[in-house]
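# Tertiary structure, described
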Amino acid sequence: GQQLNQSPQSMFIQEGEDVSMNCTSSSIFNTWLWYKQEPGEGPVLLIALYKAGELTSNGRLTAQFGITRKDSFLNISASIPSDVGIYFCARISSGSARQLTFGSGTQLTVLP
Amino acid sequence: NAGVTQTPKFRVLKTGQSMTLLCAQDMNHEYMYWYRQDPGMGLRLIHYSVGEGTTAKGEVPDGYNVSRLKKQNFLLGLESAAPSQTSVYFCASTHGGAAGYGYTFGSGTRLTVV
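It should be emphasised that the depicted structure is a prediction, and the values quoted were computed from it without experimental measurement.

## Focus on the pattern of salt bridges
Residue and element names in this part refer to chain B. Throughout the structure, instances matching the rule amount to 5 salt bridges over all chains. Arg36 is the partner of Asp38 in a salt bridge, and the nearest nitrogen-oxygen pair spans 2.9 Å. Arg36 shares its class with Asp38; the two are buried. Arg44 is the partner of Asp38 in a salt bridge, and the nearest nitrogen-oxygen pair spans 2.8 Å. Taking the relative accessible area as the measure of exposure, Asp38 reaches 12% and is therefore buried. The class for Arg44 is buried, based on a relative accessible area of 17%. Where salt bridges share partners, they join Arg36, Asp38 and Arg44 into one cluster.

Have a look at this one:
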């Protein structure tokens, strides 16, 4: 399948710090999605990107769709304890099934 | 509240036992999916359905079967559970449009096979 390479695998940061994580692929995508998963819950969509070069914000979160359409990054500014969770990048398949394919995730821990 | 409901939330099985996980959605979504989540591997697609009465294999279908007899329900079956099937299982649904915002996930079923 078309793999999404997500990094870093885990991050430990101090409250108030900024965070950056990214996803890359060998294939061109039409959509990049960023999800957050909190303990005991399913993933929840944070940001969806649909055009190369697109930069979209959602509160303290900012995500960009790379110009080459093969990468995307997610930034979190001024982290707070409730940012803790696993962050996933994902794409929607181009076929009729429209399933999501996920990266391996970035586990974020925010230290007080 | 509208959404995706998974039952049960937790289950422990002995090797060789069978069970069925139920996913129910009340949003009239056409597409439904079963994923499994293992540490460090993200979510991987097991089976999916693009409409009532249809099912298809995903990335990791071996050892699982599914049925979609009613539009609102998608069942995932394990005929003979193995320790390798210890995982957290998530169901998702969508109307099938292009927007990424259309996918809704359940809160998961944590399955342990001993």
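Having seen the structure, we can now continue with the description.
## Observations concerning the interface of chain B and chain A
In this complex, chain B contributes 22 residues to the contact, which on the side of chain A involves 24 residues. Around 1700 Å² of area is buried between chain B and chain A when both sides are counted, 58% of it from carbon and sulfur atoms. Linking chain B with chain A are 5 residue pairs in polar contact (both at pLDDT 80 or more), by the criterion used here. At the level of elements, strand S4 (31-37) and strand S5 (43-49) of chain B are the ones that each hand at least two residues to the side of chain B that touches chain A. For the side of chain B that touches chain A, the element with the highest residue contribution is S4 of chain B, accounting for 4 residues. Residue classes in the side of chain B that touches chain A are distributed as 14 nonpolar, 8 polar and no charged.

About the cut-offs
- Residues numbered from 1 in each chain as written.
- Chains lettered and ligands numbered in written order.
- Predicted model: local features only at pLDDT ≥ 70, side-chain atom pairs only at ≥ 80, totals over all residues.
- Heavy atoms only, no water.
- Salt bridge = Lys/Arg side-chain N within 4 Å of Asp/Glu carboxyl O.
- Buried < 20%, exposed > 50% of the residue type's maximum accessible area, 1.4 Å probe, protein only.
- Contact = heavy atoms within 4.5 Å.
- Buried area = accessible area lost by both parts, 1.4 Å probe.
- Polar contact = N/O pair within 3.5 Å; in protein donor to acceptor, adjacent residues only side chain to side chain.
- Helix = DSSP H or I, 4+ residues; strand = E, 2+ residues; numbered from the N terminus.
- Nonpolar A, V, L, I, M, F, W, Y, C, P; charged D, E, K, R; others polar.

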